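Residues per chain, in single letters:
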Amino acid sequence: MQAWVIGNWKQNPATSDDVDVLLNDLCAAISDIEQVSKDSSARCQLMIAPSLVHLAAVSSRLKATSVLCAGQDVSAHSASTGAYTGECSAQQVVDAGATWTILGHSERRQYHQESNDTLLQKMTHALTQGLGVVFCIGETQAQYDGNQTLTVIDNQLAVVKAFIAEQPELIDSLPTCLIIAYEPVWAIGTGKVPTVTEVSATHQHIKQTLAGFADSLSTMTVLYGGSVNANNANSFAADPMIDGALVGGASLKADSFLTIATAFSQASI
Ligand code: PEP
């Protein structure tokens, strides 16, 4: 199965000059990755999600590479245009050069109170505008401590079930345009990680739940995110239930991103 390694740059870097520096390093690193992939027949799809203000420049620069570009969010209000100050629609994200968008990141759920209803609207706008969706789910520390992980995940995956109910004609296309990223909130940016065994069991549950929604969803890609770095990537990559990684902090340095991508690239041989 093809692996995916996605860099979520969040609200970084600060300036266009800093973006250029990171892109220069990345493009050099990426050509190394592409060499590894060619040599080993491994498959690892890379993707970068820069801030919206840098999206057009980054996507234009990455056009010459195999790396895809993603938004970090889209408006829930309208798929195209409207009187929604401060918002950016799925159509505008596509126009800026992205082919995917992250949705439901825990920071958006936490700071913008994104509900399942809101996320269903965003997912519908993104997918109907031709944007693939990296849909983030995961439990908080308190929910983890209370053994509620699977209940929380089931509740968050209800968005996918509702989407299917509303757009049954799109079910068969979902394995190629919807990726689930399991990101325990307590592991994001903290340096704390669940064991690979825990992640593997949770991914198995996610895959079984999706397959229960529709037979065609039995091949969905499920990524792990939360403090993945150059040192621990190999252990996650070695587990067949883990199809790749959504990477925050470590994606802001080309060498650590390269190391993570190489780990998944080689594990997918
Ligand atoms: C994230 O924000 O999606 C993430 C996984 O961050 P980090 O890798 O820094 O934990």
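As for the environment of Lys 161
Consideration 1: Mapped onto the secondary structure, Lys 161 falls in helix α7 (residues 149-166).
Consideration 2: As a C-alpha pair, Lys 161 and Trp 9 span 152 residues in sequence and 29 Å in three-dimensional space.

Side note on helix α2 (residues 52-62)
Consideration 1: Here α2 has its buried residues at His 54, Leu 55, Val 58, Ser 59 and Leu 62. Burial along α2 is one-sided: seen end-on, the buried residues are contained in an arc of 135°. In α2, the exposed residues that point more than 90 degrees away from the buried face are Val 53 and Ala 57.

Some details on unusual backbone geometry
Consideration 1: Note the cis peptide between Asn 12 and Pro 13, where omega equals -15°.
Consideration 2: The phi torsion at Ser 227 lies on the positive side, around 60°, for a residue other than glycine.
Consideration 3: Mapping Ser 227 onto the fold places it in the loop between β7 (221-225) and α10 (233-237).

Some details on the nonpolar core
Consideration 1: Met 123, Phe 135, Val 160, Ile 180 and Phe 264 are the most contacted members of the largest nonpolar core, which has 70 residues in total.
Consideration 2: Top contributing element to this core by residue count: helix α1 (residues 16-40), with 7 residues.
Consideration 3: Dropping the residues within four chain positions of it, Ile 180 is found in contact with Phe 135, Ile 137, Leu 157, Val 160, Ile 206, Leu 210, Met 220, Thr 221, Val 222 and Leu 223.
Consideration 4: Ranked by size, the runner-up nonpolar core spans 13 residues in total, among them Ala 70, Cys 136, Ile 179 and Leu 223.

Here's the deal with the packing of α7 against helix α9 (residues 196-213)
The relative placement of two packed helices is expressed as an angle between their axes plus a distance between the axes.
Consideration 1: Remark: α7 packs on α9, axes separated minimally by 10 Å, with the N-to-C direction vectors making an angle of 30°. By the angle class used here, α7 and α9 are roughly parallel. Between α7 and α9 lies a crossing of right-handed hand. Across the interface between the two elements, Thr 149, Leu 150, Ile 153, Asp 154, Leu 157, Val 160, Lys 161 and Ile 164 from α7 touch Thr 202, His 205, Ile 206, Thr 209, Leu 210 and Phe 213 from α9.
Consideration 2: Split by residue class, the contact of α7 with α9 holds 8 nonpolar, 4 polar and 2 charged.

Conventions used here
Residues numbered from 1 in each chain as written. Predicted model: local features only at pLDDT ≥ 70, side-chain atom pairs only at ≥ 80, totals over all residues. Heavy atoms only, no water. Helix = DSSP H or I, 4+ residues; strand = E, 2+ residues; numbered from the N terminus. Buried < 20%, exposed > 50% of the residue type's maximum accessible area, 1.4 Å probe, protein only. Arc of directions from axis to C-beta. Core = buried A, V, L, I, M, F, W, Y, C linked by side-chain atoms within 4.5 Å. Contact = heavy atoms within 4.5 Å. Axes fitted to C-alpha atoms, helices over the stretch in contact; angles between N-to-C directions. Parallel < 35°, antiparallel > 145°, perpendicular 65-115°, else oblique. Left-handed = near helix turned anticlockwise from the far one by under 90°. Nonpolar A, V, L, I, M, F, W, Y, C, P; charged D, E, K, R; others polar.

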